[in-house]
Amino acid sequence: MIKVILFDADGVLINGELFSEQLQREYNISTKKTISFFEGPFQACLTGNADLKEILAPYLKEWGWKKSVDDLLTYWFEAEHTIDEALVSYIQQLRLKGIKCYVATNQEKYRVAYMLKNMGFNDSFDKVYASAHLGY
């Protein structure tokens, strides 16, 4: 009998266009400009060893982003706010049957907070385990 199911966030619970693709299309900030950030300093954010707002700030000028760090994060998180509602509905049925449903995801702390509050993950799952909170 199944007692627990772990779900990933990106590509499973959350689907849609990638933030980097939308950023390129809407603001003409190419992935060539952003890749060094995401493959470099951003990785420390995923394990909670760096603060995204602090390490992102110096890159904004280089990328040509004219707004604040908080504006970029809002844009980013809203751009990737495409929840698989049918799957989340099914998960609620599983939980009613006593099956514990958790999210295990590789995320930095600000996006985790957004997912919990704005995407409803706090209520839709028994718990969310994120790399930034676990340190791995």
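Before reading on, note that the structure itself is shown above.
An account of the accompanying structure is given in this report. Remember, predicted model here, so these are calculated numbers, not experimental data.

## Details of helix 4 (residues 52-63)
Item 1. Along its 12 residues, helix 4 runs 16 Å from first to last C-alpha, staying within 8% of the 16 Å computed at 1.5 Å per residue.
Item 2. Burial in helix 4 covers these residues: Leu52, Leu56, Tyr59, Leu60 and Trp63. The buried side chains of helix 4 occupy one side of the element, clustering within an arc of 125° when seen end-on. In helix 4, the exposed positions angled more than 90 degrees off the buried face are occupied by Glu54, Pro58, Lys61 and Glu62.
Item 3. If you follow the buried residues of helix 4, they end up packed against helix 2 (31-39), helix 3 (42-46), helix 5 (69-79) and helix 7 (109-117).
Item 4. With a side-chain oxygen lying 3.0 Å from the backbone nitrogen of Lys53, the N-terminal cap of helix 4 falls on Asp51.

## Considering helix 5
Item 1. Burial in helix 5 covers these residues: Val69, Leu72, Leu73, Tyr75, Trp76, Phe77 and Ala79.
Item 2. Among the structural elements, helix 1 (19-27), helix 2, helix 3, helix 4 and helix 7 are those in contact with the buried residues of helix 5.

## Quick word on the nonpolar core
Item 1. Among the nonpolar cores identified, the biggest contains 38 residues, and Leu13, Leu56, Trp63, Leu72 and Phe121 are the most heavily contacted of them.
Item 2. Among the secondary structure elements, those contributing two or more residues to this core are helix 1, helix 2, helix 3, helix 4, helix 5, helix 6 (85-96), strand 2 (100-105) and helix 7.
Item 3. If one sorts the elements of this core by residue count, helix 5 sits on top with 6 residues.
Item 4. Those residues in contact with Phe121, other than ones at most four positions away along the chain, are Leu13, Ile14, Ile83, Val103, Met115, Leu116 and Val128.

## Topic: the pattern of salt bridges
Item 1. Applying the stated criterion across every chain, the model contains 7 salt bridges.
Item 2. Lys53 is paired through a salt bridge with Asp70; the nearest N and O atoms lie 2.9 Å apart. In this pair, Lys53 is assigned in helix 4 and Asp70 in helix 5, connecting sequence segments 17 residues apart.
Item 3. Overall, the relative accessible area of 30% leaves Lys53 in the partly exposed class.

## Topic: the environment of Gly16
Item 1. The topology assignment puts Gly16 in the loop between strand 1 (4-7) and helix 1.
Item 2. Separated by 50 residues in the primary sequence, Gly16 and Lys66 have C-alpha atoms spaced 25 Å apart.

## Re the side chain of Asp51
Item 1. Along the chain, Asp51 falls in the loop between helix 3 and helix 4.
Item 2. Asp51 gets classed as buried once you look at its relative accessible area, which sits at 15%.
Item 3. Those residues in contact with Asp51 that sit more than four places away from it in its chain are Cys45, Lys109 and Tyr110.

What counts, and where the lines are drawn
Residues numbered from 1 in each chain as written. Predicted model: local features only at pLDDT ≥ 70, side-chain atom pairs only at ≥ 80, totals over all residues. Heavy atoms only, no water. Helix = DSSP H or I, 4+ residues; strand = E, 2+ residues; numbered from the N terminus. Expected span 1.5 Å × (residues − 1). Buried < 20%, exposed > 50% of the residue type's maximum accessible area, 1.4 Å probe, protein only. Arc of directions from axis to C-beta. Contact = heavy atoms within 4.5 Å. Polar contact = N/O pair within 3.5 Å; in protein donor to acceptor, adjacent residues only side chain to side chain. Core = buried A, V, L, I, M, F, W, Y, C linked by side-chain atoms within 4.5 Å. Salt bridge = Lys/Arg side-chain N within 4 Å of Asp/Glu carboxyl O.

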